[in-house]
Amino acid sequence: MCGGCRNRGRCRLGLGEITIIGDAAHAPVRCAPHFQAGPNVAHGGWTAAMFDDIIGRSLTQRGLRTVTGNLTVDFFNPVPVGEAMIVEVVTESRAGRRWTMQAMLRLERDPSPLARAIGVWVERREGHFERHEAAMRDYRAR
Ligand SMILES: CCCCCCCCCCCC(=O)SCCNC(=O)CCNC(=O)[C@H](O)C(C)(C)COP(=O)(O)OP(=O)(O)OC[C@H]1O[C@@H](n2cnc3c(N)ncnc32)[C@H](O)[C@@H]1OP(=O)(O)O
């Protein structure tokens, strides 16, 4: 789970347990009503955040320490609120520390994609978060 939800013991984005199969992954997901944008339709930001989370967490579960470098989302159809859905992740390629990943969101009982994410995750160098904290301390001291 990400740092924002770990202490609550529940993913507020509605992602269930991630199953890893080789270099792919899948998880059940359901958009909560508070992420509604249009009537009974998920906010596009929820869809992007959910993709970011599952791809990042699936890499973490594979033992890789990464951060999102970039993320593009294609919205093919409205995403329903409160409906059981599945998100499937595949590894497209790897070059050095860069992992190109793709994910699809679909209804539980329908193979048609509702949305697709493609992006690059970069393996973190040692001390990544410590450097960030130090930079912020310098910034705040200005
Ligand atoms: C228990 C825990 C649970 C944890 C559970 C976690 C689940 C949460 C999931 C959410 C994940 C997030 O939101 S992460 C948060 C959002 N993302 C971030 O904050 C990242 C901010 N950006 C950075 O910190 C930095 O730019 C880095 C780390 C991405 C890269 O910096 P660096 O380490 O100095 O590396 P650098 O030499 O620049 O680049 C290394 C290689 O990556 C490529 N590269 C660098 N940036 C990018 C980029 N934006 N897009 C594509 N490629 C890039 C470079 O071309 C290079 O390729 P080559 O020349 O080697 O070929």
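Rules used throughout
- Residues numbered from 1 in each chain as written.
- Predicted model: local features only at pLDDT ≥ 70, side-chain atom pairs only at ≥ 80, totals over all residues.
- Heavy atoms only, no water.
- UniProt positions renumbered as here; feature names shortened; annotations may be inferred.
- Near = heavy atom within 4 Å.
- Polar contact = N/O pair within 3.5 Å; in protein donor to acceptor, adjacent residues only side chain to side chain.
- Helix = DSSP H or I, 4+ residues; strand = E, 2+ residues; numbered from the N terminus.
- Nonpolar A, V, L, I, M, F, W, Y, C, P; charged D, E, K, R; others polar.
- Pairing = 2+ DSSP bridges.
- Axes fitted to C-alpha atoms, helices over the stretch in contact; angles between N-to-C directions.
- Contact = heavy atoms within 4.5 Å.

An unreviewed UniProt entry lists the chain under the name Acyl-coenzyme A thioesterase THEM4, with Sphingobium naphthae as the source organism. Quoted straight from UniProt, the Sequence similarities (unreviewed entry) entry for the chain says "Belongs to the THEM4/THEM5 thioesterase family."

**Thoughts on the site of the ligand**
The local shell around the ligand holds 15 residues, among which Asp-52, Arg-97, Arg-98, Arg-125 and His-128 are the closest. The separation between a nitrogen atom of the ligand and a polar main-chain atom of Gly-69 is 3.0 Å. Take Arg-98: an N or O atom from its side chain is 2.8 Å from an oxygen atom of the ligand. Of all the secondary structure elements, the ones that give two or more residues to the shell around the ligand are α1 (44-61), β3 (66-75) and β6 (113-123). If you tally residues by element for the shell around the ligand, the top one is β3, at four residues. Classifying every residue of the shell around the ligand by side-chain character gives four nonpolar, four polar and seven charged.

**Details of the sheet that holds strand β2 (residues 24-29)**
Across the sheet, which stays open at both edges, the six strands sit in the order β1-β2-β4-β5-β6-β3 with antiparallel pairing between neighbours. Edge strands, defined here as strands with exactly one partner in the open sheet, are β1 (19-21) and β3. Strand after strand, the sheet turns through a mean of 20 degrees between neighbouring axes, direction not considered. Pairing analysis gives three bridges linking β1 to β2, with the strands arranged antiparallel. When the sheet's bridge partners are listed, Thr-19 is paired in β2 with His-26. The sheet contacts of α1 involve β1, β2, β3, β4 (85-95), β5 (98-107) and β6, and relative to β5 the element is tilted by about 125 degrees.

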